[in-house]
Amino acid sequence: MENKSMDIRKLSLMSLGIAINIIGAFVALMLKLPIYLDSIGTIMIACILGPKYAVMTGVCGSLLSGMTFDIYSLYFAPVQISTGLIAGIMYKKGLLNGKKRILGVMAFSIPTSIISSVIAAYLFGGVTSSGSSYIVQVLKALGANNVLSVFVTQVFTDYIDKFVATVLVSLSINELSKSFNSPIVNNK
């Protein structure tokens with residue numbers, strides 16, 4: 001019986017993570033923000049349940065966002081795989097808290113930037129539904145080629161996006177732990 005309740009807990013947490021990803025993505029899209037906010041739930045699940053569950057959360061969030069309000073999101077599911085996997089590893093190594101967060105976020109935002117740059121540049125010519133597309137267009141107008149414009153934009157915006165997400169996740173987990181008088185994250 002304990003296994004079944006643990007599975008329900010994991011599924012419930014993953015569902016919450018998916019909802020957070022979808023809401024974040026929707027807000028960023030509607031406000032045309034230059035950051036994405038679509039991986040907050042993925043990073044949260046990476047910290048609470050680990051990389052395997054984070055990958056599933058991220059991919060499901062991308063699929064649902066893509067089928068409901070942002071078709072581009074479908075194509076960026078590999079970015080969620082990278083984010084969930086590496087964020088979980090960075091969390092387990094203690095690199096997503098305090099001053100180490102700067103390095104930990106860089107460790108998963110660089111691969112994410114490479115993957116998303118390839119997708120954005122080669123599938124969409126650098127123009128997607130994201131507000132960061134405006135930055136790409138400005139760089140192109142200044143004479144940078146398409147791939148360079150997309151890559152520079154992605155490195156910058158992905159790092160800020162993931163840093164903001166890790167701060168929000170850290171604050172949330174700390175507050176939830178206080179509310180429940182027990183740690184939310186099992187540091188095993």
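Quantities reported herein were computed from a predicted structural model and do not represent experimental measurements.

Novice: I would appreciate a short explanation of the environment of Phe76 in the present structure.
Specialist: Along the polypeptide, Phe76 turns up in the loop between α4 (72-75) and α5 (77-92). Residues Phe76 and Leu96, spaced 20 residues apart in sequence, show a C-alpha to C-alpha distance of 23 Å.

Novice: Is there a simple way to explain the packing of aromatic side chains in this structure?
Specialist: Aromatic ring pairs are reported here in terms of the distance separating the ring centres and the angle at which the planes meet. This structure, assessed with the given rule, holds five aromatic pairs. Consider the rings of Phe26 and Phe69, whose centres lie 5.1 Å apart with planes at 90°: the pair is edge-to-face. On the criterion of sequence distance, the pair formed by Phe26 in helix α1 (residues 2-31) and Phe69 in the loop between α3 (51-68) and α4 is long-range, its members being 43 residues apart. For Phe26, a relative accessible area of 39% gives the class partly exposed. Residue classification places Phe69 among the partly exposed positions, given a relative accessible area of 24%. With a centroid separation of 4.8 Å and 70° between ring planes, the pair formed by Tyr72 and Phe124 is classed as edge-to-face. Here Tyr72 is found in helix α4, whereas its partner Phe124 is found in helix α6 (residues 101-124), with 52 residues between them in sequence. Its relative accessible area of 26% is what places Tyr72 among the partly exposed residues. Phe124 sits in the partly exposed class, given a relative accessible area of 22%. Three or more aromatic residues joined by ring pairs form one cluster here, namely Tyr72, Tyr75, Phe76 and Phe124.

Novice: I keep staring at the nonpolar core and nothing clicks. Help me out?
Specialist: The biggest cluster of nonpolar side chains holds 28 residues, and the ones touching the most others in it are Ile45, Ile48 and Phe108. With residues near it in sequence (within four places) discarded, Ile48 still touches Arg9, Leu13, Ile173, Ile184 and Val185. In this structure, Val79, Ile119, Ala120 and Val136 belong to the second largest nonpolar core, which totals seven residues.

Novice: For this particular structure, what's the right way to read the environment of Val169?
Specialist: Along the polypeptide, Val169 turns up in helix α8 (residues 146-180). The exposure class of Val169 is buried, given its relative accessible area of 4%. Taking the C-alpha atoms as reference points, Val169 and Leu96, 73 residues apart in sequence, are found 9.8 Å from one another. When near neighbours in sequence (up to four residues on either side) are disregarded, Val169 contacts Ile40, Ile43, Met44 and Cys47.

Novice: Explain α6 to me, please; I cannot follow it from the model alone.
Specialist: Structurally, the α-helix is built with 3.6 residues per turn, so residues lying three or four positions apart point the same way. Buried residues of α6: Arg101, Gly104, Val105, Phe108, Ser109, Thr112, Ser113, Ser116, Ser117, Ile119, Ala120 and Ala121, and no others. Residues of α6 that are buried in the fold lie against α2 (40-48), α4, α5 and α8. Just beyond α6, the residue with positive phi is Gly125, at close to 65°.

Novice: Even after reading the chapter, I still don't get the pattern of salt bridges, so can you show me in this structure?
Specialist: Oppositely charged side chains are able to pair whenever their charged atoms sit close together. The full count for this structure, using the stated rule, is three salt bridges. Residue Asp158 pairs with Lys162 through a salt bridge whose shortest N-O separation is 4.0 Å. With Asp158 and Lys162 both in helix α8, this residue pair falls four residues apart, about one helical turn. Per residue, the accessibility class of Asp158 equals that of Lys162, and both read buried.

The rules behind each value
- Residues numbered from 1 in each chain as written.
- Predicted model: local features only at pLDDT ≥ 70, side-chain atom pairs only at ≥ 80, totals over all residues.
- Heavy atoms only, no water.
- Helix = DSSP H or I, 4+ residues; strand = E, 2+ residues; numbered from the N terminus.
- Phe/Tyr/Trp six-rings, centres within 6.5 Å; stacked < 30°, edge-to-face > 60°.
- Buried < 20%, exposed > 50% of the residue type's maximum accessible area, 1.4 Å probe, protein only.
- Core = buried A, V, L, I, M, F, W, Y, C linked by side-chain atoms within 4.5 Å.
- Contact = heavy atoms within 4.5 Å.
- Salt bridge = Lys/Arg side-chain N within 4 Å of Asp/Glu carboxyl O.

These results come straight from atomic positions and should not be treated as a statement about function.
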